[in-house]
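Architecture at a glance
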Protein chains: 2
Amino acid sequence: MTTPLSPTDRSTIKRGKHRAVTDRAALHAVLDNALFCHLAVVVDGAPLVLPTGFGRDGDRVFLHGSTGARSLREAATGIPVCVAVTIVDGVVYARSAFDHSMNYRSAVVHGTAVPVTDPEEKAHALRVLTDHIAPGSWDYARKPTPKELAATSVLALDLTEASVKIRSGPPGDEDVDVAANEKWAGVLPLHSTWGKPEPDPALVGEWDVPEHVTRRSGTSQG
Amino acid sequence: MTTPLSPTDRSTIKRGKHRAVTDRAALHAVLDNALFCHLAVVVDGAPLVLPTGFGRDGDRVFLHGSTGARSLREAATGIPVCVAVTIVDGVVYARSAFDHSMNYRSAVVHGTAVPVTDPEEKAHALRVLTDHIAPGSWDYARKPTPKELAATSVLALDLTEASVKIRSGPPGDEDVDVAANEKWAGVLPLHSTWGKPEPDPALVGEWDVPEHVTRRSGTSQG
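Residues numbered from 1 in each chain as written. Chains lettered and ligands numbered in written order. Predicted model: local features only at pLDDT ≥ 70, side-chain atom pairs only at ≥ 80, totals over all residues. Heavy atoms only, no water.

**Considerations on the pattern of salt bridges**
Operational definition: Think of a salt bridge as a Lys or Arg side-chain nitrogen and an Asp or Glu carboxyl oxygen that are within 4 Å of each other. The secondary structure listing takes helices from DSSP runs of H or I that are at least 4 residues long and strands from runs of E that are at least 2 residues long, numbered from the N terminus. Only protein chains enter the calculation, and the probe is 1.4 Å; a residue is then buried if its accessible area is under 20% of its type maximum, exposed if over 50%, and partly exposed in between.
Scanning the model with the defined rule gives 24 salt bridges over all chains in all. Close ionic contact of arginine 95 of chain A with aspartate 173 of chain A constitutes a salt bridge, the shortest N to O distance being 2.8 Å. In this pair, arginine 95 of chain A sits in the loop between strand 6 (79-93) and strand 7 (101-115) while aspartate 173 of chain A sits in the loop between strand 9 (161-167) and helix 6 (175-180), placing the two residues 78 residues apart along the sequence. The exposure classification of arginine 95 of chain A matches that of aspartate 173 of chain A, with both residues buried. The partner of glutamate 211 of chain B in a salt bridge is arginine 215 of chain B, and the shortest N-O contact between them spans 2.7 Å. Ionic contacts of the salt-bridge type, sharing partners, join the residues Asp57, Arg60 and Glu121 of chain A into one network.

Right, dumping it as structure tokens:
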């Protein structure tokens, strides 16, 4: 839990160094609390970034690969990717426009994503991916057929090269602005909360909402 | 408002075509409702994606450029970027693990981001950026000094090449699973709400929270 992240030049935070966090437990926490990620690849020399599902399995993450990126579908041996997850905790209202900011938890992972093709490992990856967005759903829902398994593309990415950046707390105004005491400053927190389950109108008859869904309802996300 | 988006090959949605939205008003709405974006660039041939602030100004967006990406700082004439904004509205609990999904609103913009250097345009861009994360703050807060203005890097990106994808509503289970009626299915909505303002402990004396902050408190984000 205390293995430090392995910094390379590109995963070493240069701006806002005081916000960099370098222990692996913090990386895991940010990843586990984020609902989805943004996955970036290079296609024809240009960047492409798309939101996609992911789930952590120890010191790697699985990614849903069928994001429409040609390069992902073509990468049999692996493809350079960058994955970012970001949770915003609030807006920081500073005394100056310049010092306005956000409170957030952010992780960026660099590496080579490798397709998961072994059927057993793929089924395991899909359990991890499903339970990340919907804890308990893998055990409850109908499992994938071999055809569905084949139609799903999964990538695995090691968490070897990663950075974590966290900002929390009040504004970081200039001393002169704080001393002047002429403007209000503070934080407006942002809360993400699961609402009330909305049953599918196609359900027939009376249904109790399953426990893995009801226990999430009303709780915080992130 | 009804000018269609101009699709190129890379901005044409191939997967989940039924979720593609092609009018410009929808693009504007997704951008305006997202609090921040993920900005992807190519650095040394590898993708880099980072969360950053943005704000829309008609048919372009301004981006905070000082994200630590060398390539951004070096791009005097423009740099190929891809910007994604994603708002998650809920998790879709399907009858099958395979059909689990999320409800979301997503926009992806491709193009060449150009540094904003003209001082007057830069001040305008900073107003747009500030008011995007904190509406009303530009007028309320202390304006940037020439030194602060110089220390801030801003990029402009046209919205010419963009795609919008929206998923809403109940699960899209297979007919056979719906007919079996053996599993609960539905949507668990995710709500993002502004909390109670937390005044900076460094404020001296009694302070009323300004109206542009209090009017946001308790409202939905996104």
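**Regarding the relation of the copies chain A and chain B**
Operational definition: Our superposition of the copies is a least-squares fit, built on the C-alpha atoms of residues whose pLDDT is at least 70 in both. Should any heavy atoms of two residues lie within 4.5 Å, those residues are counted as being in contact.
When chain A is fitted to chain B, the residual RMSD is 0.0 Å, and the transformation amounts to a turn of 180 degrees plus an axial shift of 0.0 Å. Taken together, the turn and the small shift mark the pair as related by a two-fold rotation axis. For chain A, the minimum C-alpha distance to the rotation axis belongs to serine 192 of chain A and amounts to 2.2 Å. Interface residue correspondence from chain A to chain B reaches 100%, placing this contact among same-surface, isologous pairings.

**With respect to the interface of chain A and chain B**
Spelled out, the test is: Defined here as a combined quantity, buried area equals the accessible surface (1.4 Å probe) lost by two parts on assembly, summed across both. Pairs of N or O atoms are called polar contacts if they sit within 3.5 Å, as long as, within protein, a hydrogen donor faces a hydrogen acceptor (for residues adjacent in sequence, only side-chain-to-side-chain pairs). Three categories are distinguished: nonpolar for Ala, Val, Leu, Ile, Met, Phe, Trp, Tyr, Cys and Pro, charged for Asp, Glu, Lys and Arg, and polar for the others, with Gly belonging to the last. Strands are labelled as partners when DSSP assigns at least two bridges between them.
Facing the 90 residues of chain A at the interface are 90 residues of chain B. In this assembly, chain A packs against chain B so that about 7,500 Å² is buried in total across both faces, 67% of it on carbon and sulfur atoms. Linking chain A with chain B are four salt bridges, by the criterion used here. The partner of arginine 142 of chain A in a salt bridge is aspartate 177 of chain B, with the nearest N and O atoms 2.7 Å apart. At the boundary of chain A and chain B, one finds 29 residue pairs in polar contact (both at pLDDT 80 or more). Of the residues belonging to the side of chain A that touches chain B, the class tally is 51 nonpolar, 23 polar and 16 charged. In this sheet, strand 10 (residues 186-194) of chain B lies alongside strand 10 (residues 186-194) of chain A in antiparallel orientation, the contact comprising five bridges.

**Quick look at the side chain of aspartate 177 of chain A**
As for its position among the elements, aspartate 177 of chain A is in helix 6. A relative accessible area of 10% means that aspartate 177 of chain A is categorised as buried. Setting aside residues no more than four positions away along its own chain, aspartate 177 of chain A makes contact with Arg95 and Ser96 of chain A together with Arg142 of chain B.

**Observations regarding the pairing of strand 2 (residues 37-43) of chain B**
Residue and element names in this part refer to chain B. The element strand 2 is largely enclosed, with a buried count of six among its seven residues. In sequence, strand 2 turns back onto strand 3 (residues 46-52) through a hairpin of two residues, with aspartate 44 there showing a positive phi of about 50 degrees. Sheet analysis places strand 2 next to strand 6 (residues 79-93), joined by three bridges and oriented antiparallel. Each bridged residue has a counterpart across the sheet, and for leucine 39 the counterpart in strand 6 is valine 83.

**Description of the environment of serine 71 of chain A**
All names here are of chain A. Considering the arrangement of structural elements, one finds serine 71 in helix 2 (residues 70-74). Relative accessible area serves as the criterion here: at 15%, serine 71 is assigned to the buried category. Each C-alpha atom of the pair serine 71 and valine 41 lies 7.7 Å from the other, and the pair is 30 residues apart in sequence. Filtering out sequence-adjacent residues up to four positions away, serine 71 remains in contact with Val41, Val42, Val43 and Ile79.

**Focus: the state of the cysteines**
Residue and element names in this part refer to chain B. The cut-off we apply is this: By definition, disulfides here are pairs of cysteine sulfur atoms that lie within 2.5 Å.
One pass over the full model with this rule turns up zero disulfides over all chains. As a non-bridged cysteine, cysteine 37 has cysteine 82 as the owner of its nearest cysteine sulfur, 10 Å distant. You can call cysteine 37 buried: its relative accessible area is 0%. Overall, the relative accessible area of 0% leaves cysteine 82 in the buried class.

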